[in-house]
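Listed here are the chains, written in short residue letters.
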Amino acid sequence: MLRESFKGISLYSCLFSFALVASPVTTALAEDATTSEGEQATEVEKSAPKEGAKKVEELVVTGSRIKGMDLTSSAPVTVLTRAEIDAAGLTSIGDILQHLPSQSGAANTQSNNGGDGSTRVSLRGLGASRTLVLLNGRRYVPGGSGANSSVDLNSIPAAVIERVEVLKDGASAVYGSDAIGGVINIITKADYDGVDGSIYYGMTGDGKAETLDISVTTGHRTKKGHILFSAGYHKQKPLWTSDRDFSKTDKAYDWEKNDGSWDPNGSSATPEGHIIDRAPPAPDAETATPEEIDAWNARYGGNEAWAAIPAAAEGDLHRDSNGNWRGFNYSGNSDDGSGDLYNYQPQNYLLTPQERYNFFSTGSYELSSSIRSYFEASYTNRRSKQKLAPTPLFIISEGITVAADNQYNPFGREFIDIRRRFVEEGNRVFLQDISTYRLVLGLDGDLPVLDNWFWDSSFVFGRTSGTSVNEGRFIRSRVIQALGPADQCVGDCVALDLFGGPGSITPEMLDYIGYTGIGHGYSDQRIWQLNLNGDLFELPGGIAGMAIGYAFREESGGYIPDPITATGNTTGNKEESTEGNYDVHEAYAEFLLPIVGDLPGIENLELSAAARFFDYSSFGSDFMWKVGLKWQVIEDLTLRGTYSTAFRAPSVSEMYLGTSDSFPLVGDPCSNVDEAGNPRELTAEQQANCAEDGVPATHEDSRAQLHAIVGGNDKLNPETATTLTAGLVYTPSFLEGLSLTLDYYNVSIKNAITTMGADILLSSCYSQADSEYCDKIIRDNQTNLITDINDTLTNIGGTDTSGVDFNLGYRLATSVGRFGFGLHGTWLEKYNVTLPDGREIEGKGVYDLGVNPDIKANANLRWSLDEFGAGMNVRFVGAFEECENDDCTIEDAKRRDVESNTTVDLYTSYVFNIMDGMGDSALSVGVNNILDTKPAVIYNGFLGTSDASAYDFVGRYVYLRLTQSL
């Protein structure tokens, strides 16, 4: 029979050589492990030590601090076993957890523009900061470039994980802040005895995005304690957008036709140069003074070269390959000859590369018969990279003017809107070198004066620190000088040529305006805590349990960008420094009361309750509470439910985040042309609101991205929430191996800490009958172009979501092997965001708030017989709609269907012995996304005309995993 874990790596060098020459097909162990809430106890007992173990120890279920044997709690908890983790064919626990149907919208390594190499989890789609991540029941330090509010799961090595427990219920009363969407509790191997080495190698079907993952784990157990050490190395190579047909170009959907047709889309900042004449009208010769006329002519009149520009160009000019200026063609991209736009897609990563080293150790030692010492120590270093297309310079966005007498200006007049792509500079590059340290020191044991009472005292220190490097941006003050009058560009100044086409920008020009920025950041966490739990008294249903505890936690963080970025003296994204801290005192009490047992119609009736009191240095004190009820009607059927209040304190980054630039994918609702230059018809509301804001009916703005300002707010209050769950667990005795769980959830968040979103702000101001938030939209007085969208964090409205989680599992042992089937999914009833004015945005079934279809589900089928195993994983994301301008709140908004998406993974495995006495070897091969399913097409999507947080961008991926155990 296949084993869930393999112990050993004695022929490590031989195995490494074998992995390099073996055919790169896929991996995963096919342990029969179809898991749902009703089967948790069975799965956890499998992982308990067998050799030399006197008994299975009582366990603490995620969502409670009271010890007990029964993992079928009043709250829904899903367990991912070691076998399921291996069967996923992935090397990051973050990537595996992102496939949960209850998860959506979190960043991963497919997030290139705006990503930082991290992988996070967002249960219920409520945001990564509302999902609490624990390691062995204790908080894990936030990860990223500095002052982050959530955990980077890439910093937790997958090789040491025994199982993952996912609590899909609010648990602030038990764990404190952040547990609104749910809790991820990652349980590592403990009493492991042996050596285990693993090599994973994978690549796409066309030989790209190679991944190498190597790990060695060794452990030793004695009567007095245990020690475990693990080390690992991971390297993931990139995939480019040009490597996939669906992402070779951005797509401008024709919403007027709304028939599925689209044009290639790109940027109006081109290597050839793009001039838009935004000169004010010439003074009236009859009414203006000679001085006013002369002043206008000196600035905008131009010379003979300007007078020779064809009138048909209408002041929107493109430089062709012959050096002539003509009208700009917005109908497509220059690389395929369909238009003049620059296709930036091929210059972006589709899957970002990274390299990781990790070390992990844990151990314990019995100091006496009643006191045990323990520790955990870990270190992970991540080096990651993102690449974007060469820098686009929009001088109008930067407030820069090209002087009439600039030495490269051929037209003898000034310009405020020239757009130039600096292909001579090469890609914009963003690098991260991030280290995460964590140390846990603790003592625990039995209370000498009370029977069946246990105490645990620990100190946790976590720190994430590192550097972020950016290349490819320019020093704004030098760009101003280089584009200014010739007599002011003196000394070391090198004048800049925006008119000469590709190659006209020399290395000397780039050296003068360019720089490499290096930023530094950190997140620190310190926790002192004491927990007590034990038995209280006998009740008809069993022994009442109690847990009480106190914790003191300090959180601090900061990020200091490079001096040029911090002072705003850069083109592109400006960013101010972030630094701050807070501390919190917390005390909690939890009770488990088995009220009734062994009565007709009540096999067992159990009540649970918890309360937590807290005092934050940042906003004050309050308390939260939770109650739960589990009613085992008969042996086969259990009903359960919880109701809780929860909270989330504003994080360091949310309170103290310096303002920075963002360029969301939104357009101006007042523009009568779209991003492809096609005419668009404004709604009646848009026409009225735009006119009231002083925007003329002839206004045109083809920009597909607008400038927004984001940042923190030290006046933020905590979010509050209520969470209701109600469900059942059914394990029929007449059909052994079958289990079914259904759980309804309802989460309501008030005073949500969030940005409004540029699309919502624009819609609220211009597309609604009752115009709101127009004070956050800043326009240029002369051109009427949007210069800023103020979108800093605030406590606004709230979020309400509800639905049903369903899990079906069946296991069957036959003469031809053991079979397992699992179906896990979520049906979404609603996902709504309420704005401060009371207007509600419905996110279910539309893309306004992300990918929120009716149904998301995973299914798996597994088989094992002696040394052989095989299986299949299926992932389904349901269909939904998207609307023009990502705004389905408009009653007559133009809509299109986004099709459902299904991916299929296949894998097989074989266990064998290289030679007697050398332990077991396991070879696993597989293919993820074997049908090479493309991601759903979303024209409002930010990258690849889709959504990197919801779909597989990589395509068919083959892998091999070789494991040696001793």
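About the criteria used
- Residues numbered from 1 in each chain as written.
- Predicted model: local features only at pLDDT ≥ 70, side-chain atom pairs only at ≥ 80, totals over all residues.
- Heavy atoms only, no water.
- Helix = DSSP H or I, 4+ residues; strand = E, 2+ residues; numbered from the N terminus.
- Rg over C-alpha atoms; globule rule 2.2 N^0.38 Å.
- Contact = heavy atoms within 4.5 Å.
- Areas by Shrake-Rupley, 256 points an atom, 1.4 Å probe, with all protein chains shown as cover.
- pLDDT = per-residue confidence, 0-100.
- Buried < 20%, exposed > 50% of the residue type's maximum accessible area, 1.4 Å probe, protein only.
- Pairing = 2+ DSSP bridges.
- Phe/Tyr/Trp six-rings, centres within 6.5 Å; stacked < 30°, edge-to-face > 60°.
- Lys NZ or Arg CZ within 6 Å of the ring centre and 35° of its normal.
- Salt bridge = Lys/Arg side-chain N within 4 Å of Asp/Glu carboxyl O.
- Polar contact = N/O pair within 3.5 Å; in protein donor to acceptor, adjacent residues only side chain to side chain.
- Axes fitted to C-alpha atoms, helices over the stretch in contact; angles between N-to-C directions.
- Disulfide = S-S within 2.5 Å.
- Core = buried A, V, L, I, M, F, W, Y, C linked by side-chain atoms within 4.5 Å.
- Patch = residues over 30% accessible without salt bridge, like charges linked within 9 Å, V, L, I, M, F, W, Y side chains within 5 Å.

### Thoughts on the overall build of the chain
Then, number 1: Across its full length, the chain carries 14 helices and 45 strands.
Then, number 2: Taken over the C-alpha trace, the chain has a radius of gyration of 30 Å; the compact-globule value for 966 residues is 30 Å, and the two agree within 12%.
Then, number 3: By its C-alpha atoms, the chain is 100 × 60 × 55 Å across when sized along the principal axes.
Then, number 4: Across the chain, the fraction of contacts at a sequence separation of at least 24, relative to all contacts at a separation of at least 6, is 73%.
Then, number 5: Per element, the accessible surface of the chain, about 37,300 Å² overall, is 54% carbon and sulfur.

### Considerations on the confidence of the model for the chain
Then, number 1: Residues at a pLDDT of 70 or more form 93% of the chain, whose mean pLDDT is 89.
Then, number 2: Confidence drops under a pLDDT of 50 for residues 1–57, and excluding neighbours within four residues, the segment shows 194 contacts in the predicted structure.

### Re the pairing of strand 45 (residues 957–965)
Then, number 1: Buried residues dominate strand 45, accounting for nine of its nine residues.
Then, number 2: Pairing analysis gives nine bridges linking strand 8 (residues 194–204) to strand 45, with the strands arranged antiparallel. Looking across to strand 45, one finds that Ile-199 is bridged to Leu-962.

### Quick word on the packing of aromatic side chains
Then, number 1: For the structure on display, the rule yields 30 aromatic pairs.
Then, number 2: With a centroid separation of 6.1 Å and an interplanar angle of 75°, the aromatic rings of Trp-325 and Phe-411 are classed as edge-to-face. Residue Trp-325 is found in strand 16 (residues 325–327), and its partner Phe-411 is found in the loop between helix 8 (395–398) and strand 21 (418–421); the two are separated by 86 residues along the sequence. You'll find Trp-325 and Phe-411 in the same group, each marked buried.
Then, number 3: The interplanar angle of 45° and the centroid separation of 5.0 Å between the aromatic rings of Phe-459 and Trp-528 together place this pair among those described as tilted. Here Trp-528 lies in strand 24 (residues 514–539) and Phe-459 lies in strand 23 (residues 453–474), a separation of 69 residues in the sequence.
Then, number 4: Accessibility expressed as a relative area gives 24% for Phe-459, which makes it partly exposed.
Then, number 5: What makes Trp-528 partly exposed here is its relative accessible area of 36%.
Then, number 6: Lying across the ring of Tyr-192, Lys-189 places its NZ or CZ 5.2 Å from the centre.
Then, number 7: Positioned above the aromatic ring of Tyr-253 is the side chain of Arg-896, whose terminal nitrogen or guanidinium carbon lies 5.7 Å from the ring centre.

### Some words on helix 14 (residues 758–766)
Then, number 1: With respect to burial, helix 14 is a largely interior element, eight of its nine residues being buried.
Then, number 2: Within the sequence span of helix 14, burial applies to Ala-758, Ile-760, Leu-761, Leu-762, Ser-763, Ser-764, Cys-765 and Tyr-766.
Then, number 3: Lining the buried residues of helix 14 we find helix 13 (684–692), strand 34 (777–779), strand 35 (786–790) and strand 38 (840–842).

### Observations regarding the pattern of salt bridges
Then, number 1: Counting across every chain of the model gives 43 salt bridges.
Then, number 2: Between Lys-574 and Glu-398 there is a salt bridge, with its nearest N and O atoms 2.6 Å apart. Within this pair, whereas Lys-574 is found in the loop between helix 11 (563–566) and strand 26 (578–599), its partner Glu-398 is found in helix 8, the two being separated by 176 residues in sequence. No difference in accessibility class separates Lys-574 from Glu-398, as the two residues are buried.
Then, number 3: Its salt-bridge partner being Arg-896, residue Glu-882 comes within 2.6 Å of it at the nearest N-O pair. You can see Glu-882 sitting in strand 41 (residues 880–883) and its partner Arg-896 sitting in strand 42 (residues 895–898), a full 14 residues away along the chain. For the pair formed by Glu-882 and Arg-896, the shared burial category is buried.
Then, number 4: A single salt-bridge network, built from bridges that share partners, covers Arg-130, Arg-648, Glu-654 and Glu-719.

### Quick word on the pairing of strand 28 (residues 620–634)
Then, number 1: As paired strands, strand 27 (residues 602–616) and strand 28 are joined by 13 bridges and run antiparallel to one another. Residue pairing across strands places Phe-614 opposite Asp-622, the latter belonging to strand 28.
Then, number 2: Where strand 27 hands over to strand 28, the hairpin turn is made up of three residues, counted between the paired strands.
Then, number 3: In terms of strand pairing, strand 28 meets strand 29 (residues 637–648) through eight bridges, oriented antiparallel. Residue Ile-634 lies in a different strand from strand 29, and its bridge partner there is Leu-637.
Then, number 4: Count of turn residues in the strand 28/strand 29 antiparallel hairpin: two residues.

### Comments concerning the side chain of Gln-686
Then, number 1: Summarising the element assignment, Gln-686 is placed in helix 13.
Then, number 2: Among the residues examined, Gln-686 registers a relative accessible area of 3% and is labelled buried.
Then, number 3: In contact with Gln-686, not counting residues within four places along its chain, are Pro-669, Arg-680, Tyr-766, Ser-767 and Ile-890.

### Re the sheet that holds strand 5 (residues 138–139)
Then, number 1: Taken in spatial order, the five strands line up as 3-6-7-4-5 in an open sheet, and their pairing is mixed. Unpaired on one side and paired on the other, strand 3 (77–81) and strand 5 mark the two borders of the sheet.
Then, number 2: Of the pairings in the sheet, the one linking strand 4 (residues 131–135) to strand 5 comprises two bridges and is antiparallel in character. Opposite Leu-135, over in strand 5, you have Arg-138 as the bridge partner.

### Some words on the environment of Asp-714
Then, number 1: With respect to the element layout, Asp-714 can be found in the loop between strand 31 (708–710) and strand 32 (719–730).
Then, number 2: Taking the C-alpha atoms as reference points, Asp-714 and Gln-488, 226 residues apart in sequence, are found 43 Å from one another.
Then, number 3: A distance of 3.2 Å separates polar atoms of two side chains, one belonging to Asp-714 and the other to Lys-715.

### Details of the sheet that holds strand 21
Then, number 1: Here five strands make up an open sheet; going across it, the order is 16-15-14-21-20 and the pairing antiparallel. Each edge of the open sheet is held by one strand with a lone partner, namely strand 16 and strand 20 (392–394). Direction aside, the axes of adjacent strands within the sheet are offset by 20° on average.
Then, number 2: Where strand 14 (residues 274–276) meets strand 15 (residues 316–319), three bridges bridge the pair, whose relative direction is antiparallel. In the sheet register, Ile-275 faces strand 15, and the bridge partner there is Leu-317.

### Details of the state of the cysteines
Then, number 1: Applying the stated rule across the entire model yields four disulfides.
Then, number 2: One disulfide in the model links Cys-670 with Cys-690; its S-S distance is 1.9 Å. Sign of the S-S torsion, about -90° for the bond between Cys-670 and Cys-690, identifies this disulfide as left-handed. Here the residue Cys-670 occupies a position in the loop between strand 30 (660–662) and helix 13, and Cys-690 occupies one in helix 13, the gap between them amounting to 20 residues. You'll find Cys-670 and Cys-690 in the same group, each marked buried.

### A look at the nonpolar core
Where a protein is soluble and globular, its nonpolar side chains tend to be buried together.
Then, number 1: Membership of the largest hydrophobic core comes to 29 residues, with the highest contact counts inside it found for Phe-422, Leu-496, Leu-498 and Phe-499.
Then, number 2: Secondary-structure elements contributing two or more residues to this core are helix 9 (476–482) and helix 10 (507–513).
Then, number 3: Considering every element that reaches this core, the biggest residue donor is helix 10, with four residues.
Then, number 4: The contacts of Leu-496, once residues within four sequence positions are left out, are Asn-406, Tyr-408, Phe-422, Val-479, Ala-482, Leu-483, Ile-505, Met-509 and Ile-513.

### Observations concerning unusual backbone geometry
Then, number 1: At Arg-124, a residue that is not glycine, the phi angle is positive and equals roughly 65°.
Then, number 2: You can see Arg-124 is positioned in the loop between helix 4 (93–97) and strand 4.
Then, number 3: Given a relative accessible area of 7%, Arg-124 falls into the buried group.

### Thoughts on a nonpolar patch on the surface
Then, number 1: A cluster of nonpolar side chains, namely Phe-613, Phe-623, Trp-625, Val-627, Tyr-643 and Leu-724, defines an oily patch on the protein surface of about 530 Å² accessible area.
Then, number 2: Element by element, the count of residues in the nonpolar patch is highest for strand 28, at three residues.
Then, number 3: Its relative accessible area of 34% is what places Val-627 among the partly exposed residues.

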